[in-house]
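Descriptive structure summary
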Amino acid sequence: MTWGSAAEFLAMGGRAFFVWGSYAVAAALIAAELLLLRGRRRTLLARLGRSLRHKHDDS
Amino acid sequence: MNQRIFRFASPQTFYPLAGQMIPLFMTLAAVLCAVGLYIGLFVAPTDFQQGEVYRIIFIHVPAAWMSMFIYVVMAFWCAVGLAMNTRLSFMMALALAPTGALMTAVALWTGSLWGKPTWGTWWAWDARMTSELILLFLYIGFLSLHAAIDDPRRADRAAAVLALVGVVNIPIIYFSVKWWNTLHQGASVSITRAPSMARTMLWGMLIMALAAWMYSIAAALMRVRSIILERENAAEWVAQLPEVKGQ
């Protein structure tokens, strides 16, 4: 273990902004991609389900 | 060629298969990411030259590698699609592009945050950075061109040609640090010689690269499933899917 305390870990030797700025943006972009993927699938399935019901109503 | 390989080239067969593979690759990505972050943030020692800021490497290098690798895979599927006229190949290419763009954006962003404290600048128009920025524009151009053409089959072919022309940029990115005198340093890891970094740092980086790889596969599979449903929305097999029927 390289760190003496949690504060020392968070400080990243005085480079916290650069290190955590990299990690945070990467994590945020990945989270955003996963949310968008889930949203796209949900919207799509709902639309497909609706059009399927309409088809049944017609026949 | 073997008939069984072509069977999986049908969207109908591939859709459930992709669905089964997603949890596997997501789990692998999560576990590898946890191990990689633990090594990178808690085991790897402080760098004797750069101090702690070097820990950006565990995000930067995996993202940069994936940004190039995804492009090559995307171009490969475009080539297969153009040569064999397989719809699923084009769908795979289209599914890979946004994740490739994400990796490129992460590589550029983290590179900028690493450049400021170590080189004193957020950005320089050196060969490595400029060619990586062009890679981002290639991904965006591929997606925009595809979105701009209404007929999906024509959009597939036009975007595929663009992707294939853009492949020339990949060796330029990779070898830019050798061919030109760049602000960006040369490769720390190469096949021909021993890596010039501490063993735990190297392991942390390689495990994070593997995690990024597994994540990219999972994300592309998730996206390709939506693309398949969008394109095949009139097909009977789509109407028969439990997830569609249950809506």
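Nothing here was measured: the structure is a model prediction, and the numbers come from that model.

1. Focus: the nonpolar core
In this structure, Ile56, Ala63, Met74, Ala93, Ala211 and Ala218 of chain B are the most contacted members of the largest nonpolar core, which totals 77 residues. Of all the elements in the fold, those that place two or more residues in this core are α2 (16-58) of chain A together with α2 (11-43), α3 (57-84), α4 (87-119), α5 (127-148), α6 (152-166) and α8 (199-231) of chain B. Per-element tally for this core: the top contributor is α8 of chain B, with 18 residues. Filtering out sequence-adjacent residues up to four positions away, methionine 74 of chain B remains in contact with Ala93, Leu96, Ala97, Gly100 and Ala163 of chain B.

2. Some points on the interface of chain B and chain A
If you look at the interface, chain B gives 33 residues, while chain A gives 23 residues. Broken down by element, the side of chain B that touches chain A gets its largest block of residues, ten residues, from α4 of chain B.

3. Observations regarding α5 of chain B
For α5 of chain B, built from 22 residues, the straight-helix expectation of 32 Å at 1.5 Å per residue is met to within 8% by its first-to-last C-alpha distance of 30 Å. Turning to α5 of chain B, its buried residues are Ala127, Arg128, Met129, Ser131, Glu132, Leu135, Leu138, Tyr139, Phe142 and His146 of chain B.

4. Structural notes on the environment of alanine 28 of chain A
All names here are of chain A. Tracing the chain through its elements places alanine 28 in helix α2. For alanine 28, a count of 10 C-beta atoms within 10 Å puts it in the exposed group. When the C-alpha atoms of alanine 28 and glycine 39 are compared, they prove to be 16 Å apart, with eleven residues separating the residues in sequence.

5. Comments concerning the packing of α4 of chain B against α8 of chain B
The geometry of a pair of packed helices is captured by two quantities: the angle between their axes and the separation between those axes. Residues and elements named next belong to chain B. Contact geometry of α4 with α8 gives a least axis separation of 8 Å together with a crossing angle of 130°. With respect to each other, α4 and α8 are oriented oblique. Between α4 and α8 the crossing geometry is right-handed. Here Met91, Met92, Leu94, Ala95, Leu96, Pro98 and Thr99 of α4 come into contact with α8, specifically with Ser216, Ala219, Ala220, Arg223, Val224, Ile227, Ile228 and Arg231.

Criteria and thresholds
- Residues numbered from 1 in each chain as written.
- Chains lettered and ligands numbered in written order.
- Predicted model: local features only at pLDDT ≥ 70, side-chain atom pairs only at ≥ 80, totals over all residues.
- Core = buried A, V, L, I, M, F, W, Y, C linked by C-beta atoms within 7 Å.
- Buried ≥ 20, exposed ≤ 12 C-beta atoms within 10 Å, placed from the backbone.
- Helix = DSSP H or I, 4+ residues; strand = E, 2+ residues; numbered from the N terminus.
- Contact = placed C-beta atoms within 7 Å.
- Expected span 1.5 Å × (residues − 1).
- Axes fitted to C-alpha atoms, helices over the stretch in contact; angles between N-to-C directions.
- Parallel < 35°, antiparallel > 145°, perpendicular 65-115°, else oblique.
- Left-handed = near helix turned anticlockwise from the far one by under 90°.

In short, geometric facts, not functional conclusions.
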